[in-house]
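Below, each chain spelled out in residue letters.
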Amino acid sequence: MNIATHPTLPFYQVTGRECDLFETAYANGLPLLLKGPTGCGKTRFVEHMAAKLGKPLYTVACHDDLSAADLIGRYLLKGGETIWVDGPLTRAVREGGICYLDEVVEARKDVTVVLHPLTDTRRTLMIDRTGEELTAPKDFMLVASYNPGYQNVLKRLKPSTRQRFLSISFDFPTPDVEITVVSRESGLDAGRVAPLVRLAGHIRNLSGMDLEEGVSTRLLIYAATLMAGGMGVDAALEAAVIEPLSDEPDVQQSLRDLVSTIYG
């Protein structure tokens, strides 16, 4: 869990009306769901908007073992005394902050039971262990994200949960925008970033290759950062693109062949 307040706005390249929708949702106390592939800018967008609105941001990276108690809080022993410690969701509700649940479908099913009363007109959080029922202030906002393309039958966001949120679909930016983003974030000049973005486009459009996902903008920034630091193209792409995308030797070799085509 990461708590962030930003004195300046984190860089985010606006691609549509997503900022307007976020601000309208916030102003009206509506929960927001961000849908899109890994590494396309969802988390950075939330950080940017929290800073823009001047609100504390509680980010929770959801995983298989994340339970409702992890979000709400629990009793802990401190100095020989048992005290109640709020979880990130409870702190966001008490303070009127933004709670961002990244990859919410990864969390255990009891998490959605806790979220439902916060995503309708009740806007309440029940803390069974202390007997409290908190009513979220106007400043509180719940934001969640997930990747619809990386789902299986056992891990889907139920319609009963999905339909409680406003939704925004994210995707990888257009080549011109992606060049701007990668260049700014890595410090590598745009001329050298352009082939990286072209390579990413080819990888994302590949069919028949055993890749769960295409290369993310995040990985392009990693590769460009290595290159800006003096690492050669082949070594940078091996570490930041080829190895992260697949463990299969045949797939890795196909990616290397594609790199040779782009940089040959």
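Please read these numbers as outputs of a predicted model, since none were measured by experiment.

Visitor: Could you clarify how one ought to interpret the pattern of salt bridges in this entry?
Guide: Here the idea is simple: oppositely charged side chains can pair when their charged atoms come close. Scanning the entire structure with this criterion turns up 12 salt bridges. Here Asp 139 and Lys 55 are joined by a salt bridge, their closest N and O atoms 3.3 Å apart. In this pair, Asp 139 is assigned in the loop between strand 8 (132–135) and strand 9 (141–146) and Lys 55 in the loop between helix 2 (42–53) and strand 3 (57–61), connecting sequence segments 84 residues apart. Note on Asp 139: relative accessible area 35%, which makes it partly exposed. A cluster of three or more residues bridged by salt bridges with shared partners is formed by Arg 44, Glu 47 and Glu 185.

Visitor: How should I be thinking about the environment of Glu 95 in this particular structure?
Guide: With respect to the element layout, Glu 95 can be found in helix 4 (residues 88–95). Note on Glu 95: relative accessible area 44%, which makes it partly exposed. Sequence-wise, Glu 95 and Ser 246 are 151 residues apart; in three dimensions their C-alpha atoms are separated by 42 Å. In contact with Glu 95, not counting residues within four places along its chain, are Pro 56 and Tyr 58. A polar side-chain atom of Glu 95 sits 2.7 Å from a polar atom in the side chain of Tyr 58.

Visitor: What is the right way to read the layout of surface pockets from this model?
Guide: Using a probe with the size of a water molecule, rolled over the atoms, empty space left in the structure can be pinpointed. Approximately 600 Å³ is the volume found for the largest pocket. If you list the elements that add at least two residues to the lining of the largest pocket, you get helix 2, strand 10 (166–169), helix 7 (175–186) and helix 9 (217–228). Its residues placed into classes, the lining of the largest pocket shows 11 nonpolar, 8 polar and 9 charged.

Visitor: So what exactly am I meant to see when it comes to the packing of helix 1 (residues 18–27) against helix 2 here?
Guide: Two quantities define a packed helix pair, namely the angle between the helix axes and the distance between the axes. Following both chains from N to C, one finds helix 1 and helix 2 inclined at 55 degrees, their axes separated by 11 Å at the closest point. Relative to helix 2, the element helix 1 lies oblique. Here helix 1 and helix 2 pass one another in a crossing that is right-handed. In this structure, helix 1 contributes Glu 18, Cys 19, Phe 22, Glu 23 and Tyr 26 to the contact, and helix 2 contributes Phe 45, Met 49, Lys 52 and Leu 53. Here the residues of the contact of helix 1 with helix 2 sort into 6 nonpolar, no polar and 3 charged.

Visitor: Would you mind showing me how to read the packing of aromatic side chains here?
Guide: Considering all chains together, one arrives at 4 aromatic pairs under this definition. Consider the rings of Tyr 12 and Phe 45, whose centres lie 5.2 Å apart with planes at 50 degrees: the pair is tilted. Residue Tyr 12 is found in the loop between strand 1 (2–4) and helix 1, and its partner Phe 45 is found in helix 2; the two are separated by 33 residues along the sequence. Across the pair, Phe 45 and Tyr 12 agree in class, each one buried. Centre to centre, the rings of Phe 22 and Phe 45 are 5.6 Å apart; their planes meet at 90 degrees, and the pair counts as edge-to-face.

Visitor: Would you take a moment to explain the nonpolar core for this structure?
Guide: Generally speaking, a soluble globular protein has its nonpolar side chains buried in company with each other. Grouped together as the largest cluster of nonpolar side chains are 31 residues, with contacts concentrated most on Leu 89, Leu 101, Leu 125, Phe 140 and Leu 142. Excluding its chain neighbours within four sequence positions, the residues that come into contact with Leu 142 are Pro 31, Leu 32, Leu 89, Cys 99, Leu 101, Leu 115, Thr 119 and Phe 165. Core analysis: the second largest hydrophobic core is formed by 30 residues, Leu 219, Leu 245, Leu 255 and Val 259 among them.

Visitor: I would appreciate a short explanation of the confidence of the model for the protein in the present structure.
Guide: As a note on interpretation, predicted positions should not be read in detail where pLDDT is low. On average, residues of the protein score 91 in pLDDT, and 94% of them are at 70 or above. Counting interchain partners and residues more than four positions distant, the pLDDT-below-50 stretch residues 2–6 has 12 contacts.

Visitor: What should I look at first to understand unusual backbone geometry in this one?
Guide: A negative phi holds for most residues other than glycine; trans holds for most peptide bonds. You will see that Glu 103, though not glycine, has its phi angle at about 55 degrees, which is positive. Along the chain, the position of Glu 103 falls in the loop between strand 6 (98–102) and helix 5 (109–115). Notably, Arg 123 is not glycine yet its phi reads approximately 45 degrees, a positive angle. Note on Arg 123: relative accessible area 14%, which makes it buried.

The rules we used
- Residues numbered from 1 in each chain as written.
- Predicted model: local features only at pLDDT ≥ 70, side-chain atom pairs only at ≥ 80, totals over all residues.
- Heavy atoms only, no water.
- Salt bridge = Lys/Arg side-chain N within 4 Å of Asp/Glu carboxyl O.
- Helix = DSSP H or I, 4+ residues; strand = E, 2+ residues; numbered from the N terminus.
- Buried < 20%, exposed > 50% of the residue type's maximum accessible area, 1.4 Å probe, protein only.
- Contact = heavy atoms within 4.5 Å.
- Polar contact = N/O pair within 3.5 Å; in protein donor to acceptor, adjacent residues only side chain to side chain.
- 1 Å grid on protein atoms, 1.4 Å probe; cavity = no way out; pocket = protein on both sides within 12 Å on 5 of 7 lines; lining within 4 Å.
- Points joined across faces, edges and corners; volume = space filled by probe spheres on them.
- Nonpolar A, V, L, I, M, F, W, Y, C, P; charged D, E, K, R; others polar.
- Axes fitted to C-alpha atoms, helices over the stretch in contact; angles between N-to-C directions.
- Parallel < 35°, antiparallel > 145°, perpendicular 65-115°, else oblique.
- Left-handed = near helix turned anticlockwise from the far one by under 90°.
- Phe/Tyr/Trp six-rings, centres within 6.5 Å; stacked < 30°, edge-to-face > 60°.
- Core = buried A, V, L, I, M, F, W, Y, C linked by side-chain atoms within 4.5 Å.
- pLDDT = per-residue confidence, 0-100.

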